[in-house]
Amino acid sequence: MTVVQQSPHAVSFTKPSDLEFRVERTFDHPIERVWAAYTDPALIPQWWGQGTTVDRLDLRTGGGWRFVSNPGTDHESAVSGDFLEVSPPDRLVQTFGMEGPYGRPFTQTIELARVGDGTRLAITSRFDTTEERDGVVAYGAQKGAIGGWARLDALLKRLAAG
């Protein structure tokens, strides 16, 4: 799959194993700002997309989260999960599941690393089967990362401009 990217920092999409895919991108913003945009319930709707609201965000190991897109419409959907590890500002491990008949939740490891004055953000998603991984890829995981992270970059630029 080829997706044209408008961002100066391309999203890398790989399949490191039969059970995983990994997306990563470098942002020209400090790790603390990227972490805040990724974990602040007031900022998440500004880049997640699709009229997202944060229904729940208990950011601690053992806590959970739930985001609803297009609330109150015929196209409402929700994703949710539990936090397995929360280590600010560089690591989150969580489950991720689409509510409804969309398969079982999978595990995401979200890693932020300082790269000069910027931050490399990488998400490794791990599934129970290759078929589950390939289903999420076919659903549009790469295109979703590209679009979401372009919106995240725009938000980070607005926050930097203050």
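The numbering scheme is per chain: residues are counted from 1 as the chain's sequence reads. Confidence filtering applies because this is a predicted model: local features only for residues at pLDDT of at least 70, side-chain atom pairs given and counted only at 80 or more, and all residues used for totals across whole chains, interfaces and linings. Only hydrogens and water are set aside when side-chain values are computed; all heavy atoms of the structure are taken into account.

Q: Describe unusual backbone geometry, and please don't skip the residues or the numbers.
A: Residue Pro89 is bonded to the preceding Pro88 through a cis peptide linkage, with omega at -5°. Examined against the element boundaries, Pro89 turns out to sit in the loop between β5 (77–87) and β6 (91–98). A positive phi angle, close to 55°, is found at Asn70, a residue other than glycine. Runs of E in the DSSP output that reach at least two residues are strands. Runs of H or I that reach at least four are helices, and both are numbered from the N terminus. Counting through the fold element by element, Asn70 comes out in the loop between β4 (64–69) and β5.

Q: Mind laying out the packing of aromatic side chains, listing which residues take part and the relevant values?
A: Within a pair of aromatic rings, the relevant descriptors are the distance that separates the centres and the angle that separates the planes. Two rings belonging to Phe, Tyr or Trp (six-membered ring only in the last case) form a pair when the distance between their centres is within 6.5 Å. Interplanar angles under 30 degrees mark stacking, angles over 60 mark edge-to-face geometry, and anything in between is tilted. Taken as a whole and judged by the stated rule, the model has ten aromatic pairs. Centroid distance Trp65 to Phe67: 4.8 Å. Interplanar angle 55°. Geometry classified as tilted. We note that Trp65, like Phe67, is buried. Aromatic ring contacts, followed pair by pair, group Phe13, Phe21, Tyr38, Trp47, Trp48, Trp65, Phe67, Phe96, Phe106 and Phe127 into a single cluster. Residue burial is assigned from relative accessible area. The probe radius is 1.4 Å, only protein chains are included, and a residue is buried under 20% of its type maximum, exposed over 50%, and partly exposed in between.

Q: Before we move on, can you summarise the pairing of strand β2 (residues 20–27) with the specific residues and values?
A: Most of β2 is tucked away: six of the eight residues are buried. Two strands qualify as a pair provided DSSP detects at least 2 bridges between them. As paired elements, strand β1 (residues 12–17) and β2 share four bridges and run antiparallel to each other. In the sheet register, Ser12 faces β2, and the bridge partner there is Glu24. In sequence, β1 turns back onto β2 through a hairpin of two residues. Inspection of the sheet shows β2 paired to strand β8 (residues 118–126) by eight bridges, in the antiparallel sense. By the bridge assignment, Thr26 is partnered in β8 with Arg120.

Q: Please give an account of the pairing of strand β7 (residues 106–115) that cites residues and values.
A: Sheet analysis places β6 next to β7, joined by six bridges and oriented antiparallel. Paired with Val93 across the two strands is Thr109, which belongs to β7. In terms of strand pairing, β7 meets β8 through nine bridges, oriented antiparallel. Counterpart to Ile110 in the pairing with β8 is Ile123. What sits between β7 and β8 in their antiparallel hairpin is a turn of two residues, with Gly116 showing a positive phi close to 60°.

Q: Give me the lowdown on the sheet that holds β8, citing residues and values where you can.
A: Judged by pairing direction, the sheet is antiparallel, and its eight strands sit side by side in the order β1-β2-β8-β7-β6-β5-β4-β3 without closing on themselves. Two strands lie at the open edges of the sheet, namely β1 and β3 (53–57), each paired on one side alone. For this sheet, the mean angle separating the axes of adjacent strands, direction not counted, is 25°. Along the sheet face, helix α1 (residues 31–39) touches β2, β3, β5, β6, β7 and β8 and points at about 155° away from the line of β7. Here helix α3 (residues 130–139) sits on the sheet and contacts β1, β2, β6 and β7; the angle it forms with β1, its principal contact strand, is near 170°. Axis angles are defined between N-to-C directions and span 0 to 180 degrees, where every axis is a line fitted to C-alpha atoms and, for a helix, only to the segment in contact. Whether two residues are in contact is decided by their heavy atoms: any pair within 4.5 Å suffices.

Q: Residue-level account of the pattern of salt bridges, with values.
A: The working definition used for a salt bridge is a side-chain nitrogen of Lys or Arg within 4 Å of a carboxyl oxygen of Asp or Glu. Overall, the coordinates contain 15 salt bridges when judged by the stated rule. A salt bridge links Glu32 to Arg114; the nearest nitrogen and oxygen atoms lie 3.0 Å apart. Here Glu32, found in helix α1, pairs with Arg114, found in strand β7; they are 82 residues apart in sequence, far enough to count as distant. A single network of salt bridges, built from pairs that share partners, joins Arg22, Glu24, Glu85, Arg91, Glu111 and Arg120.

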